[in-house]
Amino acid sequence: MTSHNSYRSEVVRDSLRVFLDDLAARAAVVLSEHIDAGNHCAACGLTWPCSRAALADHNLEMAHP
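Calculation rules
Residue indices begin from 1 for each chain and proceed along its sequence in written order. This being a predicted model, a pLDDT of at least 70 is required before a residue's local features are given, and a value of 80 or more before pairs of side-chain atoms are given or counted; all residues contribute to the totals for chains, interfaces and linings. Heavy atoms from the whole structure form the basis of all side-chain values; hydrogens and water molecules are not counted. Secondary structure elements follow DSSP: runs of H or I of four or more residues count as helices, runs of E of two or more count as strands, with numbering from the N terminus. For the radius of gyration, the atom set is restricted to C-alpha positions; the globular benchmark scales as 2.2 Å times the number of residues to the power 0.38. Buried residues are those whose accessible area, probed at 1.4 Å on protein chains only, stays under 20% of the maximum for their type, while exposed residues exceed 50% and partly exposed ones sit between those limits. Here, two residues are considered to be in contact whenever any of their heavy atoms come within 4.5 Å of each other. For the area figures, the Shrake-Rupley method with a 1.4 Å probe applies, and any residue is considered shielded solely by the protein chains shown. The charge count treats Lys and Arg as positive and Asp and Glu as negative. His and the chain ends do not count. One atom stands in for each charge, and that atom is NZ of Lys, CZ of Arg, CG of Asp or CD of Glu.

The subject of this paragraph is the overall build of the chain. A tally of helices and strands in the chain yields two helices and zero strands. Its C-alpha atoms give the chain a radius of gyration of 17 Å, clearly above 11 Å, the size a compact globule of 65 residues would have. Dimensions of the chain, computed from C-alpha atoms along their principal axes, come out at roughly 60 × 15 × 15 Å. Going through the 65 residues of the chain one by one, you find that 17% of them count as buried. Put simply, of all contacts in the chain between residues at least 6 apart along the chain, 43% involve residues at least 24 apart. A total of about 4900 Å² of accessible surface is found on the chain, and carbon and sulfur atoms cover 59% of it. Within the chain, one finds 5 positive and 8 negative side-chain charges whose respective centroids are separated by 9 Å.

This part is about the environment of alanine 27. Take alanine 27: it is sitting in helix H1 (residues 2–33). Overall, alanine 27 belongs to the buried group, its relative accessible area being 5%. In sequence terms alanine 27 and methionine 62 are 35 residues apart; their C-alpha atoms lie 10 Å from each other. When neighbours within four sequence positions are excluded, alanine 27 is seen to be in contact with Ala56, Asn59 and Leu60.

The step from tryptophan 48 to proline 49 runs through a cis peptide bond, and the omega angle for that step is -5°. With respect to the helices, strands and loops of the structure, proline 49 is situated in the loop between H1 and helix H2 (51–63). Residues other than glycine seldom take positive phi values, yet asparagine 39 does so here, at roughly 70°. Here asparagine 39 shows up in the loop between H1 and H2.

Below, the structure written as structure tokens:
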């Protein structure tokens, strides 16, 4: 039973790593588009930092602390 639990833990850990790497990659794309353009976001025009940039920053930090 222990080896099964160990294998299962590895699968979960690997799946989580894949998910977090994907999250970080998507966040990096958003942060490259939603940039400060004189106190406004270059992509969406909202006041800087826009909600997408703030969320992407959070997600990048969470994915790769």
